[in-house]
Each structure stands twice: as structure tokens, then as C-alpha cells.
Amino acid sequence: MGDVAMTVPVILALVNQYPEVKITMVSRPFFKPIFENIPNVTFLSVHTNHQHKGIFGLYRLYKEIKYQNVEQVADLHNVLRSKVIRFLFALSGKKVAYTDKGRKEKKELTRAENKIFKPLKSMFERHVATFKQLGYDIDLSNPVFLRQMDIPLKAQKIIGNKNQKWIGIAPFAHYQSKTYPMDLMREVISKLSEKPNLKILLFGGGKKEMELLEEFSNENVINFAGKISFDDELHLISNLDLMVSMDSGNAHLAAMFGIKTITLWGATHPFAGFSPFNQPLENCLTSDRNQYPLLPTSVYGNKKVAGYEDVMRSISVEKVVFSIQSKLAEE
């Protein structure tokens with residue numbers, strides 16, 4: 001989800017600076033709500049488990065995309081499936097470009113020995129470079145965000161009218177190495193819920209996550225996990241005053257609306273280029289590299305290193321709460 005959300009600021013800038021350009025966004029149907037309110041963008045759903053499965057399915061997808069009269073192809077994913085599609089378009093004489101994900105530099109950043117610890121290009125800069133190959137010089141210095149949307153009726157029935165500041169908290173990530181310990185997160189939520197001017201909105205996915213978040217609920221802490229659709233969730237996120245997230249998709253969903261976003265980092269690090277769009281580095285709360293000098297140990301969080309299971313405990317509850325309160329106090 002994060003990979004898809006990170007394309008949004010670049011696409012928004014592209015259609016804003018080149019209004020004559022028409023874009024066909026090709027992705028899984030789940031992500032369609034993200035792009036519905038972007039002008040000059042149409043969405044083509046990919047069904048990799050059905051009609052677009054396998055090599056013949058990819059050829060069928062190629063034909064469907066070609067039917068949209070595309071003149072150029074920007075491969076922002078650069079994986080096997082998208083490589084096949086762009087190869088077919090290149091064979092047909094269309095101009096293609098792809099995003100260089102900087103795999104070599106990321107390996108140098110995360111390796112244990114001879115680590116090169118320095119900020120790499122952000123994914124936003126990499127996508128900009130991709131469009132530049134196609135002749136579009138995009139400027140991100142004056143960022144464009146998705147507009148704030150109406151609070152969905154179903155969510156409004158749960159949370160009521162907005163008469164407090166709303167803080168979204170998405171406490172989970174795909175990998176445990178990127179997930180803030182639940183006992184510490186419980187403390188963060190408890191301290192925030194004591195503030196009468198704050199309302200805490202919890203976001204999550206799987207069944208276990210829903211059950212756990214339900215335990216956190218009280219009058220000032222509302223669990224939305226599994227209770228509203230993804231489309232309604234986007235509407236709700238657009239109305240937040242601040243989002244707290246792991247290094248995960250929810251951070252990028254909030255940032256594409258221009259919402260202040262605080263991220264917590266464990267085995268991964270913002271230097272890899274995945275920090276949320278237009279958010280200052282101070283909003284990225286990282287685990288202690290003095291205590292854990294091998295950090296970051298992974299780009300995506302899927303790599304385990306012995307003795308580094310508890311790196312996120314080096315991010316104190318007090319630091320998280322202070323960061324939230326400081327950002328809320330900013331005008």
C-alpha cells in the first residue's frame with residue numbers, strides 16, 4: 001500500500017504542471033479510491049489471480065492498457081510483472097521508463113559490515129526521475145496534496161462531530177521488526193486519551209489486530225479497524241490533525257493529504273528513502289543507533305538480526321507523546 005501511496009504526490013504534481021497529460025493508473029482494484037479524485041487520471045484494475053494471471057494474463061493486460069491509447073509507459077514498480085508489460089510496449093515502439101529503486105545503495109545502507117550510512121534518494125525523487133526520462137520535468141518544491149474529504153456517514157455515527165483534535169494511530173506494520181511494542185503503544189494511547197481536547201482514532205487490518213485495538217477503546221479512543229471500508233477510511237484520514245504510524249502504508253496515506261505524520265522506525269530507517277512525503281526528518285522517530293549500531297538492518301523489515309528484536313524499545317513513550325504534542329501545538 002505504501003508503494004502505491006508514494007506515487008500520489010508525484011502524479012498530483014504531474015497533472016498540475018502538465019494539465020494536457022492524461023494518465024491511466026494500473027494497479028490492484030483495492031487502491032482505486034486513492035486515485036478517484038485526481039484530475040486527468042483513470043484507473044485500470046489488475047487481477048493477478050484471475051484474468052491477468054501468468055504470461056497469457058499479462059499479455060491480456062498489455063492489450064487492455066494499449067486499448068487506452070497510451071503513448072508512453074512509466075513503470076513505477078519495476079518488478080517482474082511490470083517489466084514484462086513495459087517490454088511489450090517497448091517492442092511496439094512506445095517510449096518507456098522505469099523507476100530505479102537504488103537496490104545497490106540500499107544494500108550498502110543495511111549491510112552489517114562497511115555500512116554506508118547516508119540518506120538515499122527518496123522514492124518521490126526516483127519517480128520524478130522516471131517521468132523526466134519521458135520528457136516531464138516535475139517540480140515538487142510546491143507540493144500538491146489530495147483535498148480533504150467529507151467525513152463518511154458511517155464513521156460519523158461512530159465518532160460523532162469533530163469538536164476535538166483527531167489523532168490517527170496505526171500501530172501495526174507488515175513485519176514485527178517495524179512494529180512498536182504493544183505495551184508501550186498502550187501507554188502512548190493511555191497518556192493521549194487523558195487529554196480532553198484529543199480524540200484517538202485507531203486504524204488496523206487483520207482479525208487479531210481488530211481484537212487487540214478493541215481492547216484499547218474507551219470514550220476518547222475509537223477503533224475503526226474492520227468497521228469501515230477503505231474508501232471511508234481515506235475520507236476519515238483526510239480529516240485528521242495528525243497521524244502516528246509505523247514505517248507503513250498508513251503514514252503515506254496521511255502524508256498524501258498533507259496531514260502531519262509522525263513515524264516510528266525499528267529495523268528500517270528513513271535514510272532508505274521511504275519517509276512520508278513533505279514531512280521533516282524530526283517527525284521520524286528512529287531506534288537508538290548508539291545502542292544498536294547495525295541499524296538499519298533491513299530496507300523493508302523482513303530481515304532478522306539476532307539481538308535486535310527489541311530495538312524499538314529504545315524509542316521511549318515520553319518521546320512519542322512529546323513529539324505528538326509538539327506537532328499539534330504548531331500553527
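These notes cover the structure that comes with them. Note that this is a predicted model, so its numbers are computed, not measured. (Residues numbered from 1 in each chain as written. Predicted model: local features only at pLDDT ≥ 70, side-chain atom pairs only at ≥ 80, totals over all residues. Heavy atoms only, no water.)

Quick notes on the pattern of salt bridges
Basically, it comes down to this: Counted as salt bridges are all cases of a side-chain nitrogen of Lys or Arg within 4 Å of a carboxyl oxygen of Asp or Glu. A helix here means a DSSP run of H or I that spans at least four residues, while a strand means a run of E at least two residues long, and both kinds are numbered starting from the N terminus. Three exposure classes are used, based on accessible area relative to the maximum for each residue type with a 1.4 Å probe and protein chains only: buried under 20%, partly exposed in between, and exposed over 50%.
Tallied over the full model, the rule gives 10 salt bridges. Between Asp75 and Arg86 there is a salt bridge, and its shortest N-O distance comes to 2.7 Å. With Asp75 in strand β3 (residues 72–75) and Arg86 in helix α5 (residues 80–91), this residue pair connects regions lying 11 residues apart in the sequence. Just as Asp75 is buried, Arg86 falls in that class too. With a shortest N-O distance of 3.1 Å, Lys162 and Asp241 are connected by a salt bridge. Pair noted here: Lys162 is in the loop between α8 (153–159) and β5 (165–170) and Asp241 is in the loop between α11 (230–237) and β8 (242–246), with a separation of 79 residues, a long-range link. Asp241 sits in the partly exposed class, given a relative accessible area of 27%. Each of Glu282, Lys327 and Glu330 takes part in a single network of salt bridges with overlapping partners.

Overview of the nonpolar core
Applied cut-off: For this analysis, a nonpolar core means a set of buried residues of the types Ala, Val, Leu, Ile, Met, Phe, Trp, Tyr and Cys, connected via side-chain atoms within 4.5 Å. We call two residues contacting when some pair of their heavy atoms lies within 4.5 Å.
Membership of the largest hydrophobic core comes to 61 residues, with the highest contact counts inside it found for Ile34, Phe35, Ile38 and Met256. Ranked by the residues each element gives to this core, the list is headed by helix α2 (residues 8–17), at 7 residues. The contact partners of Ile38, leaving out residues within four places of it in the chain, are Val8, Ile11, Leu12, Val15 and Leu146. Ranked by size, the runner-up nonpolar core spans 34 residues in total, among them Val188, Val320, Val321 and Leu328.

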